[in-house]
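A look at the structure
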Amino acid sequence: MSRFGNIGHRLYQGEISFDFVGRRKLWYSISGVIVLVAAIGLAMGLHLGIEFKGGSVYTVHKPGLSVSQAQDVANKITHDSTAVVQSTDKGDVRIQVSSASGVDASTFTEQLSKELSVPANEVDAQVIGPSWGHEISQKALLGLVIFMVLVTIYLAVAFEWRMAAAALVALIHDLLITIGVYALVGFEVTPGTVIGFLTILGYSLYDTVVVFDTVKENTKGITKQNKRTYSEAANLGLNQTLVRSINTTVVALLPVAALLFIGGGLLGAGTLNDISLALFIGLAAGAYSSICVATPLLAQLKEMTPEMKDLAKRVAARRAADAKAAEQAAEQGEHGDHGEDESGQPAGMVGQRNQPVGRARGKGRPSGKH
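Please read all numbers here as calculations on a predicted model, not as lab measurements.

Quick look at the overall build of the protein now. Scanning the protein for helices and strands turns up 13 helices and six strands. Sequence separation of at least 24 residues holds for 76% of the intrachain contacts in the protein that already meet a minimum separation of 6. Total accessible area computed for the protein in this model is approximately 21,000 Å², and 60% of it derives from carbon and sulfur atoms.

Written as structure tokens, this is what we have:
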């Protein structure tokens, strides 16, 4: 068995344990800082794609045309640098121009054809109205709200409302972090980004439900004993699923990292960035929130109930009694019998007076000879 697998076995058996629940204030502080930075990014604004704010997309078919050349021409036509230029898989150049530029599609196509010395029929123009983008935004928001409501109802029925509340906070936590990172790095938000958001929310929910299911098993009938509090039982369940969560997250992040850093970074496939960044940040945030946010918050909510408060008192009383009994036993061991009688001889030798055993037995008995 590998060393990592051995650690996982020991975590599951409770032989070793990381106190995630007991350090919840630390995790809350870290999450608060991250969310604050993300909120600052959101205040700066998101870079919405033309699918949301309307505009035009021009695909130029010209061998040897570079992205920088097309960018310079687009900036000259629009008199600003808001145009987004990317290369496609087929070797063409794709230019996105916002409707705020004030240049209509026919004029832009004509000037683009003139500046790049390309026939007008080699420039494909696609116009997206702002009303279509507004409709897409509304549907995306509606889908997100419906998703959250259904998730809350499912968790409240399958588990309990406290678990539903903790999972919902974790989902909002992941969503805010991912959107905030998008705003900070300036990546364009496209329909692919929305798909990425919904994907990472589903992953985060799955990871949280797995942990909650183990916690539920560990806390079944917990009020009938006085050895372990709810927080300790929840922390045990978290440790039992820790290695599984790490393995799942690493396996999921590897292909996404390849898309983001190799496909989008080294190979220049910028169209992969919109969804790969959402997946990469969201998967990492989802694993963190399942371990350090959802379960500690659940334990905190449960510890507020009267029955769990009584359980914590009983556990503390038993541990105090056990500690006192151990202390008394230690004191008795220091001042008690050391295994010798009053004459200084080892116990069990009283009455033998150090006489040789063989001679003592034969003394005074018939020899057996006639």
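Turning next to the nonpolar core. In terms of nonpolar packing, the biggest core is built from 55 residues, with F20, L155, F212, Y230 and L298 touching the most fellow members. Elements represented by at least two residues in this core include exactly α6 (130–158), α7 (161–185), α8 (191–218), α9 (230–240), α10 (242–266), α11 (273–303) and α12 (306–335). Here this core gets 15 residues from one element, more than from any other, and that element is α11. If we skip the residues at most four places from it in the chain, F212 touches F159, M163, A166, A167, A294, T295 and L298. One finds L65, A83, V118 and V123 within the second-largest nonpolar core, a separate group that totals 17 residues.

Let us look at the sheet that holds strand β5 (residues 123–128). With antiparallel pairing, the four strands of this open sheet are ordered in space as β3-β4-β2-β5. Of all strands in the sheet, those with a lone pairing partner are β3 (84–87) and β5, marking the two edges. Direction aside, neighbouring strands of the sheet carry axes that sit 15° apart on average. Taken strand by strand, helix α4 (residues 67–78) contacts β3 and β4 (93–98), and its axis lies near 155° from that of β3.

A cluster of nonpolar side chains, V33, L36, V37, I40, M44, L184 and V185, forms an exposed patch at the surface whose accessible area comes to about 660 Å². Every element with two or more residues in the nonpolar patch is listed here: α2 (24–44) and α7. With five residues, α2 is the single largest residue contributor to the nonpolar patch. Tracing the backbone shows L184 in helix α7.

On to the pairing of strand β2 (residues 55–60). Burial analysis of β2 places six of its six residues in the buried class, which makes it a mostly covered element. Burial along β2 is two-sided: G55, V57 and T59 facing one way and S56, Y58 and V60 facing the other are all buried. Judged from the six bridges that link them, β2 and β4 form a sheet pairing that is antiparallel. From the neighbouring strand, T59 faces β4, where its bridge partner is R94. Where β2 meets β5, six bridges bridge the pair, whose relative direction is antiparallel. Across the sheet, the residue bridging to V60 is V123, located in β5.

Relative orientation of the contacting elements α7 and α8 amounts to 150°, with a least axis distance of 10 Å. With respect to the hand of their crossing, α7 and α8 are arranged in right-handed fashion. When α7 is examined against α8, the residues M163, A166, A167, L171, D174, L175, T178, I179 and Y182 are found in contact with a partner set consisting of T193, F197, I200, L201, S204, L205, T208, F212 and K216.

With that settled, the discussion passes to the confidence of the model for the protein. Per-residue confidence for the protein gives a mean pLDDT of 79, with 82% of residues at or over 70. Across residues 339–344, where pLDDT falls below 50, the model places six contacts with residues more than four positions away in sequence or in other chains. Counting interchain partners and residues more than four positions distant, the pLDDT-below-50 stretch residues 346–370 has seven contacts.

Before going further, it helps to examine unusual backbone geometry. Across residues other than glycine, the phi torsion is negative in most instances, and most of the peptide bonds are trans. Even without being a glycine, S117 presents a positive backbone phi close to 55°. Considering the arrangement of structural elements, one finds S117 in the loop between α5 (105–116) and β5.

Throughout the structure, instances matching the rule amount to seven salt bridges. Between K76 and E115 there is a salt bridge, with its nearest N and O atoms 3.3 Å apart. Remark: E115 occurs in helix α5 and K76 occurs in helix α4; sequence separation between them is 39 residues. Of the residues examined, E115 reaches a relative accessible area of 36% and is grouped as partly exposed. Across the salt bridge formed by D207 and R244, the nearest N and O atoms sit 3.0 Å from each other. One end of the pair, D207, is in helix α8; the other, R244, is in helix α10, with 37 residues separating them in the sequence. Connected through shared salt-bridge partners, E160, R162 and K302 make up one network.

Cut-off values and rules
Residues numbered from 1 in each chain as written. Predicted model: local features only at pLDDT ≥ 70, side-chain atom pairs only at ≥ 80, totals over all residues. Heavy atoms only, no water. Helix = DSSP H or I, 4+ residues; strand = E, 2+ residues; numbered from the N terminus. Contact = heavy atoms within 4.5 Å. Areas by Shrake-Rupley, 256 points an atom, 1.4 Å probe, with all protein chains shown as cover. Core = buried A, V, L, I, M, F, W, Y, C linked by side-chain atoms within 4.5 Å. Buried < 20%, exposed > 50% of the residue type's maximum accessible area, 1.4 Å probe, protein only. Pairing = 2+ DSSP bridges. Axes fitted to C-alpha atoms, helices over the stretch in contact; angles between N-to-C directions. Patch = residues over 30% accessible without salt bridge, like charges linked within 9 Å, V, L, I, M, F, W, Y side chains within 5 Å. Salt bridge = Lys/Arg side-chain N within 4 Å of Asp/Glu carboxyl O. Left-handed = near helix turned anticlockwise from the far one by under 90°. pLDDT = per-residue confidence, 0-100.

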